[in-house]
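# Structure assessment
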Amino acid sequence: DLEGGVSKPKEPLPDNACSPKDAEKREEALKEAQFKLDSFAENLEAAVQSLKNSNSTNIEEWISASHDALAAKIDKEKGSTVTNQKIFEAHARRWEGEFFQDMAALGVKDFDVVTRVTEYVPQIVEFIQGVVNNGYAYAAPSGSVYFDTSAFKEDGFDYRKLNPGDETTAEEMAEAEGKIGTIADEKKQRNDFALWKASKPGEPSWESPWGAGRPGWHIECSVMASDIIGENLDIHGGGVDLKFPHHDNEMAQSEAYHKCGQWVNYFLHAGHLHIKGLKMSKSLKNFITIRQALKEHSARQLRFMFLMQPWDKSMNYSDQTVDDAKKKESYMKNFFGAVKSLVRSQMKSPGDMVSHVPQGWNAADRAMFDTLNQAQAAVHAALLDNFKTHVVIQRLVDLIQECNKYMSSEDAPKVLLVKKVAMYVTKILRVFGVVQGNDVIGFGADDQEGGGAASKEDTVSPYVDALVGFRDKIRLAARDKASTPATFLEECDSIRDETLARLGIRVEDSTEASIWKMDDPAAIQKEIEEKRQKAAEAAAKKRQGKIDRLAADIAKAQQSKIPPSEFFKAHPTQTDKWGSYDESTGKPLTTKEGKELSKSQLKGIEKELKKHVAARDKLIKQAGGNADQAELDAYIGKLEDELKELQQS
């Protein structure tokens, strides 16, 4: 079946056999079919290899490896025998529960009301009967009920409001019925769609005036929304692929029931999430669950990722988009930390109001205030213009960038102005659900479970323990006569990189003073570990360089220690060149072949000997000035011991 899905779209078509839109769909279908085939082959090969490697005879492992194929086969062969409604109910409740948990993990606010189709079947039957009574639906012999699009339009209603003028294709009509299908020729017009479907064996079923069946795809939304909200919806949301048939059919049946000309005022259609270049889809198995995503990224980072994309356009979930979100989060964290540090330094208490710092504005202060006003106007305009959150995030980043420049300028920044900027950024991020808690500045922290607050002692204990522990170490070091200034600096580094890092406090040192910021403990410790790793790598590189230099020095010393009278006989660069030597000086008399030396060779011998004597004199000086051979050997021995110690360290 999968191979057929690939080969069919590849079949050549006659000229002008399809429109550009159909050709685009055909190309997309080919990509999806090829992706399914490749994924199936890859997963099958991995599963088979895994079972082969494990030599497993456990039936559950084999079932798990072939889960998808087995499920499809069993459902096809045995699905019609399932008649217990409780099975469907339990299945729905399980996934509903996981959905609620996922929403909580993402920080999504609780819903005002939860509606379930299974609890609305009586109202759905009543709603359909109302559409029939109004003359816009009819029952078919099979027990299904269809919406009469012709009667609806004849009475002056608009159909296909979201795609006006487009002709409904056979493919779109098949999609309009979803998985439930229709019986050929039982509809009056091909555009008619199901309000109620006669159930097949193995499908959920309820009694109705038209026989046992179940709700159509679109009717459930109309009934539940009308029950809770009423005869008119101001805003209706959904994915862009639901414009037709789902939302168009929703509106038609609701307007037919309520006899109104406009059931929904505004539709917000969100773009698709793409993975590997294709729309994320359960059928393609190219999806990532919320729980999988939260194992790698925080809820805040995922929210940032979506805010940084146009909500009504397709978005590709990738390492790059998540990394961009993480960078924005980190940038804002650092900004909030710097602002809080400035506030602490100038506003010692809530009532202090910076009485000890001049507060008159200069040109830089006025420019910063103007920048804030311009950013506020730009953010407001972006939200009015189709909720362009990606533009808002960029405007906030631009504002933070200018405020960072302002804080780092030579003139002392006005803390109240900086605080105003940070409070505004926090306010907008809170509107977007990025900020949790009640902090005036910054991301804040998630509320305590159950909404309770820890006691003051519980809150301060970790920090007091850190301070007391540090004090004890300093006192012990002060009493120790062997302590040096380096001892105290090591303790300062230890409380910064160990104790405070575990508490989520980032300490940043400078030549003048240190500042601290709150951050994720794991993030701080990761950065510290990376710094240590780099320092260790640098130290290892430095040590290896020293080893290489020392080894070269030893090799050179071994050659330089040779007495001048033995140089031409023993030095590695000379031993293979000469045949006979002067007994008193050790200088060569003939070549290796027994020939007399030429003038140039004699000149070269004098030059090489002079060079060697200079190297030996340098070695003698390094060894303490004693030319005794034993002393030179002892000096070289010390170098070799030093090399051995370095290599073993």
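Since the model is a prediction, treat every value here as computed from it, not as a measurement. (Residues numbered from 1 in each chain as written. Predicted model: local features only at pLDDT ≥ 70, side-chain atom pairs only at ≥ 80, totals over all residues. Heavy atoms only, no water.)

Attention shifts here to the overall build of the chain. A count of helical and extended segments in the chain gives 22 helices and 13 strands. Expressed as a percentage of the 649 residues in the chain, the buried residues total 31%. Look at the contacts in the chain between residues 6 or more apart in sequence, and 61% of them connect residues 24 or more apart. By element, 53% of the accessible surface of the chain is carried by carbon and sulfur atoms, the whole surface being about 40,200 Å². (Helix = DSSP H or I, 4+ residues; strand = E, 2+ residues; numbered from the N terminus. Buried < 20%, exposed > 50% of the residue type's maximum accessible area, 1.4 Å probe, protein only. Contact = heavy atoms within 4.5 Å. Areas by Shrake-Rupley, 256 points an atom, 1.4 Å probe, with all protein chains shown as cover.)

Next up on the list: helix 12 (residues 299-307). Among the residues of helix 12, those classed as buried are Ala-299, Gln-301, Leu-302, Phe-304, Met-305 and Leu-307. Taken together, the buried residues of helix 12 touch helix 5 (85-105), helix 11 (290-296), strand 9 (315-316), helix 13 (319-346), helix 15 (389-407) and helix 16 (415-431).

So, about the nonpolar core. Formed by 48 residues in total, the largest nonpolar core has its most connected members in Met-332, Phe-335, Phe-336, Leu-396 and Leu-429. Counting only elements with at least two residues in this core, the list comes to helix 12, helix 13, helix 14 (363-384), helix 15 and helix 16. Leu-429 has contacts with Phe-304, Met-332, Phe-336, Ile-393, Leu-396, Val-434, Val-435 and Phe-443, leaving out every residue within four places of it along the chain. Judged by nonpolar contacts, the second largest core, of 25 residues, contains Val-121, Phe-152, Met-224 and Ala-252. (Core = buried A, V, L, I, M, F, W, Y, C linked by side-chain atoms within 4.5 Å.)

A surface patch of nonpolar side chains, amounting to about 350 Å² of accessible area, comprises Ile-59, Ile-63, Leu-70 and Ile-74. Every element with two or more residues in the nonpolar patch is listed here: helix 3 (59-65) and helix 4 (67-78). As for its placement among the helices and strands, Ile-59 is situated in helix 3. (Patch = residues over 30% accessible without salt bridge, like charges linked within 9 Å, V, L, I, M, F, W, Y side chains within 5 Å. Salt bridge = Lys/Arg side-chain N within 4 Å of Asp/Glu carboxyl O.)

A separate point is the packing of helix 9 (residues 219-228) against helix 10 (residues 243-258). It is the contact of helix 9 with helix 10, at a shortest axis distance of 9 Å, that shows an interaxial angle of 55 degrees. By the criterion of interaxial angle, the relationship of helix 9 to helix 10 is oblique. In the crossing of helix 9 with helix 10, the sense of the turn from one axis to the other is right-handed. Together, Ile-219, Cys-221, Ser-222 and Ser-226 of helix 9 and His-246, Glu-250, Gln-253, Ser-254 and His-258 of helix 10 make up the contact between the two elements. Per-class residue counts for the contact of helix 9 with helix 10 are two nonpolar, six polar and one charged. (Axes fitted to C-alpha atoms, helices over the stretch in contact; angles between N-to-C directions. Parallel < 35°, antiparallel > 145°, perpendicular 65-115°, else oblique. Left-handed = near helix turned anticlockwise from the far one by under 90°. Nonpolar A, V, L, I, M, F, W, Y, C, P; charged D, E, K, R; others polar.)

This part covers the environment of Phe-335. Along the polypeptide, Phe-335 turns up in helix 13. For Phe-335, a relative accessible area of 1% gives the class buried. Considering only alpha carbons, one finds Phe-335 and Lys-517, 182 residues apart in sequence, at a separation of 9.7 Å.

On the surface, a cluster of positive charge is contributed by Lys-556, Lys-603, Lys-607, Lys-611 and Lys-618. Among the elements that make up the positive patch, the one with the highest residue count is helix 21 (residues 599-622) (four residues). Here Lys-556 shows up in helix 19 (residues 521-560). Under the relative-accessibility criterion, Lys-556 is labelled exposed at 51%. (Lys, Arg positive; Asp, Glu negative; His and termini not counted. Charge placed at Lys NZ, Arg CZ, Asp CG, Glu CD.)

This next bit is on the environment of Gly-202. Note that Gly-202 resides in the loop between strand 3 (193-198) and strand 4 (213-215). Gly-202 has contacts with Gly-79, Ser-80, Val-82 and Phe-88, leaving out every residue within four places of it along the chain.

If you trace the four strands from one edge of the open sheet to the other, you get 1-2-3-4, paired in antiparallel fashion. For this open sheet the edge positions go to strand 1 (137-139) and strand 4, each flanked by a neighbour on one side alone. With direction set aside, neighbouring strand axes in the sheet form an average angle of 20 degrees. Pairing of strand 2 (residues 145-147) with strand 3 involves three bridges; the strand directions are antiparallel. By the bridge assignment, Phe-147 is partnered in strand 3 with Phe-193. (Pairing = 2+ DSSP bridges.)

This brings us to the pattern of salt bridges. The full count for this structure, using the stated rule, is 26 salt bridges. The closest approach of N and O atoms between Glu-89 and Arg-93, which form a salt bridge, is 2.4 Å. Placement of both Glu-89 and Arg-93 in helix 5 is noted, with a separation of four residues, approximately one turn of the helix.

The geometry of an aromatic ring pair is captured by the separation of the ring centres together with the interplanar angle, meaning the angle of the planes. Per the counting criterion, the structure on display carries 18 aromatic pairs. Put simply, the rings of Tyr-136, Phe-147, Phe-152, Phe-157, Tyr-159 and Phe-193 touch in pairs and so form one group of aromatic residues. A cation sits over an aromatic face here: Lys-188 above Tyr-138, 4.6 Å from the ring centre. Above the ring of Phe-443, the side-chain terminus of Arg-300 is found at 4.2 Å from the ring centroid. (Phe/Tyr/Trp six-rings, centres within 6.5 Å; stacked < 30°, edge-to-face > 60°. Lys NZ or Arg CZ within 6 Å of the ring centre and 35° of its normal.)

As a further point, take helix 10. For an α-helix the count is 3.6 residues per turn, leaving residues at separations of three or four pointing the same way. Taking 1.5 Å as the rise per residue, helix 10 with 16 residues should run 22 Å; its terminal C-alpha atoms sit 21 Å apart, in good agreement. Of the residues trailing helix 10, Lys-259 is marked for its positive phi of about 55 degrees. (Expected span 1.5 Å × (residues − 1).)

Looking now at the sheet that holds strand 9. Ordered by their spatial adjacency, three strands build an open sheet running 8-7-9, and the pairing between neighbours is mixed. One side of each edge strand has no neighbouring strand; the edge strands of this open sheet are strand 8 (278-279) and strand 9. Taken together, the two bridges between strand 7 (residues 273-275) and strand 9 define a ladder with parallel strand orientation. Paired with Leu-273 across the strands is Met-315, a residue of strand 9.

Where helix 14 meets helix 15, the axes come as close as 9 Å, and the angle between the chain directions of the two elements is 175 degrees. Relative to helix 15, the element helix 14 is oriented roughly antiparallel. Between helix 14 and helix 15, the contacting residues are Ala-364, Asp-365, Met-368, Thr-371, Leu-372, Ala-375, Ala-378, Val-379, Ala-382 and Leu-383 on the first element and Val-391, Val-392, Arg-395, Leu-396, Leu-399, Glu-402, Cys-403 and Tyr-406 on the second. Taken together, the residues of the contact of helix 14 with helix 15 sort by class into 14 nonpolar, one polar and three charged.

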